[in-house]
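Here is what each chain is made of, one letter per residue.
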Amino acid sequence: MDAKALLEEKSLRGALLRLAMTPLAGLHFVGLELYLLPYRLGVRKRFRLPVPVIAIGNLTSGGTGKTPMAALVGKILREEGLKVVLLSRGHGGSHEKEGGAKIVSRGDGTLCLSPEVAGDEPTLLAQLLPDVPVIVGRDRRVSGKLACAEFSPDVILLDDALQFWQLHRDLDIVLLDARAPFDNGWMLPRGLLREPPFHLSRAGVVVLTRADAIPPDELERRKHVVQRLAPRAALFTAVHAPHSWIALDGTQKPLELLSGQSVAAFAGIADGKAFQKTLELLSLSLKFFREFADHHTYKKEETLDLIAQLPVGPFITTEKDLTKLRHLWPAEEPPLWALRIQLAVEEIERFRSILTRFHARNSNKDPNQHEAGGPAK
């Protein structure tokens, strides 16, 4: 079979698969709307915690920068003198399969759980925000009550919880990848949408991330779409900005350290291709790149196989991956560095002022008041 015939066959298989996924995507949409209807009618009540709650999330599956955004928001709130507790589901950690909630960090710079138990993202956030307690648990109502009982926070920050419908939030910060804000426009499983685009209307803040990855005129069109869907939301753009290299022992070095060197890299994140592209834009000679599934659990044999690709190194990975490699990677050679990436939000002072005003507006509310439709259970 020649190349053209193979391409046609692959295209046909793809078309048939999309056709098969279409009714499932429709069922997903209908099922979600039916689930949410009692909330909208006030028949089912959202649980309300006694302190203001901020949720960070996205409409699609995949990486849009939720973890660096959570780190940024947590940092800003702490700089304002507020006591913050961060709640995460703990994707990929063994505790995700359990009930209840567990404390990852008490905000004193030490970890109470291993990355294997807590998950890579909560572990990383505990390291990025050493003075912020971090709690993991599937049910944010349970972990939220634990947060209030243990730490008496001024505000609770939810990482990747936009679709946790059972808990009331005072502010939803929604991240959209500027390259494809709504993927192909279809719900899972035909597309990557967790919920339809018109749900963006509930957002208080919308951030178009990777804004530098598309032409300016295309970015403006994306902004107009967002403003039409969420006219009351504050709209921002942001870029994933390489910041520094992080060593296994936590040492931080400037980006110039590896300039011009031949390196090998790997990543187990939602958008490994974007990470590879970021590395290619730095002054590096990328000799090898391997992509693993998001939240990948590494084994010793895999690290040895990776090292065999470029025995002298250096190797580069993500900070999220580094949390799981500290006890697996050889202490001697080759060197392993994680690229610290920060979310650089345009008009950062306006962004900061929204968070400041949000807390001032919500901190004096009666904790017993509930959403329209009756008191929360």
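Attention now goes to the overall build of the protein. Secondary structure summary: the protein contains 10 helices and 13 strands in total. Computed over C-alpha atoms, the radius of gyration of the protein comes to 22 Å, within 12% of the 21 Å expected from 2.2 N^0.38 for 377 residues, which places it in the range of a compact globule. Here the protein holds 377 residues, and the buried ones make up 49% of them. Expressed as a percentage of contacts within the protein between residues at least 6 apart in sequence, the contacts between residues at least 24 apart total 75%. When the accessible surface of the protein is summed, it comes to about 17,600 Å², and 56% of that surface belongs to carbon and sulfur atoms. Between the mean site of the 49 positive side-chain charges and the mean site of the 45 negative ones, the protein shows a separation of 6 Å.

Once that is clear, we can look at the environment of A180. With respect to the secondary-structure elements, A180 resides in the loop between β6 (171-177) and β7 (205-209). Judged by relative accessible area, which is 35%, A180 ranks as partly exposed. Separated by 57 residues in sequence, A180 and T237 place their C-alpha atoms 14 Å apart.

In the structure shown here, the tally under the stated rule is 29 salt bridges. Across the salt bridge formed by R141 and D139, the nearest N and O atoms sit 2.9 Å from each other. For R141, a relative accessible area of 28% gives the class partly exposed. R290 is paired through a salt bridge with D305; the nearest N and O atoms lie 2.7 Å apart. In this pair, R290 sits in strand β11 (residues 285-291) while D305 sits in helix α8 (residues 300-309), placing the two residues 15 residues apart along the sequence. On the basis of relative accessibility, which here comes to 25%, the residue R290 falls in the partly exposed class. Shared partners join several salt bridges into a network, and the residues in it are K75, E79, E80, E349 and R352.

In this section: helix α7 (residues 272-281). Those residues of α7 not exposed but buried are G272, A274, F275, Q276, T278 and L279. Close packing links the buried residues of α7 with β8 (234-247), β10 (262-267), β11, β12 (315-318) and β13 (336-345).

Quick look at the packing of helix α2 (residues 66-79) against helix α10 (residues 348-362) now. At a closest axis distance of 10 Å, the pairing of α2 and α10 adopts a crossing angle of 65 degrees. One element, α2, and the other, α10, form an angle in the roughly perpendicular class. Crossing of α2 against α10: the hand is right-handed. Contacts between α2 and α10 involve M69, L72, V73, I76, L77 and E79 from the former and I348, F351, R352 and L355 from the latter. Residue composition of the contact of α2 with α10, by class: eight nonpolar, no polar and two charged.

Moving on, we get to the pairing of strand β1 (residues 53-58). Most of β1 is tucked away: six of the six residues are buried. A two-sided burial pattern is seen for β1, the buried positions comprising V53, A55 and G57 on one face and I54, I56 and N58 on the other. As paired strands, β1 and strand β5 (residues 155-159) are joined by four bridges and run parallel to one another. When the sheet's bridge partners are listed, I56 is paired in β5 with D159. Here five bridges tie β1 to β6, and the two strands are oriented parallel to one another. Directly across from A55, in β6, lies its bridge partner D172.

This part covers the environment of E319. Tracing the backbone shows E319 in helix α9 (residues 319-322). Sequence separation between E319 and R340 is 21 residues, and the spatial gap between their C-alpha atoms is 6.2 Å.

Among the nonpolar cores identified, the biggest contains 37 residues, and I54, M69, V73, I173, V205, F351 and L355 are the most heavily contacted of them. Among the elements that take part in this core, α2 stands out by supplying seven residues, more than any other. Of all hydrophobic cores here, the second largest spans 24 residues; its members include L59, W165, A203 and L208.

Attention now goes to the layout of surface pockets. Reported here for the largest pocket is a volume of approximately 910 Å³. Residue lining of the largest pocket: 37 residues in total, with G65, R210, H240, I269 and I341 positioned closest to the centre. Elements represented by at least two residues in the lining of the largest pocket include exactly α2, α4 (120-128), β8, α7, α9 and β13. The greatest single-element share of the lining of the largest pocket, amounting to five residues, is contributed by α7. Looking at the lining of the largest pocket residue by residue, the classes come out as 13 nonpolar, 10 polar and 14 charged.

Once that is clear, we can look at helix α5 (residues 140-151). An ideal rise of 1.5 Å per residue puts 16 Å on 12 residues; α5 measures up with 15 Å between its terminal C-alpha atoms. Of all the residues in α5, the buried ones are R140, S143, G144, A147, C148 and F151. What you see down the axis of α5 is that its buried residues fit within an arc of 140 degrees, all on one side. Where α5 is buried, its residues meet β2 (84-88), β3 (102-105), β4 (134-136) and β5. One side-chain oxygen at the N-terminal end of α5 lies 2.9 Å from the backbone nitrogen of R141; it belongs to D139. Looking one or two places after α5, you find S152, whose phi comes out positive at around 45 degrees.

Cut-offs used in this document
- Residues numbered from 1 in each chain as written.
- Predicted model: local features only at pLDDT ≥ 70, side-chain atom pairs only at ≥ 80, totals over all residues.
- Heavy atoms only, no water.
- Helix = DSSP H or I, 4+ residues; strand = E, 2+ residues; numbered from the N terminus.
- Rg over C-alpha atoms; globule rule 2.2 N^0.38 Å.
- Buried < 20%, exposed > 50% of the residue type's maximum accessible area, 1.4 Å probe, protein only.
- Contact = heavy atoms within 4.5 Å.
- Areas by Shrake-Rupley, 256 points an atom, 1.4 Å probe, with all protein chains shown as cover.
- Lys, Arg positive; Asp, Glu negative; His and termini not counted.
- Charge placed at Lys NZ, Arg CZ, Asp CG, Glu CD.
- Salt bridge = Lys/Arg side-chain N within 4 Å of Asp/Glu carboxyl O.
- Axes fitted to C-alpha atoms, helices over the stretch in contact; angles between N-to-C directions.
- Parallel < 35°, antiparallel > 145°, perpendicular 65-115°, else oblique.
- Left-handed = near helix turned anticlockwise from the far one by under 90°.
- Nonpolar A, V, L, I, M, F, W, Y, C, P; charged D, E, K, R; others polar.
- Pairing = 2+ DSSP bridges.
- Core = buried A, V, L, I, M, F, W, Y, C linked by side-chain atoms within 4.5 Å.
- 1 Å grid on protein atoms, 1.4 Å probe; cavity = no way out; pocket = protein on both sides within 12 Å on 5 of 7 lines; lining within 4 Å.
- Points joined across faces, edges and corners; volume = space filled by probe spheres on them.
- Expected span 1.5 Å × (residues − 1).
- Arc of directions from axis to C-beta.
- Polar contact = N/O pair within 3.5 Å; in protein donor to acceptor, adjacent residues only side chain to side chain.

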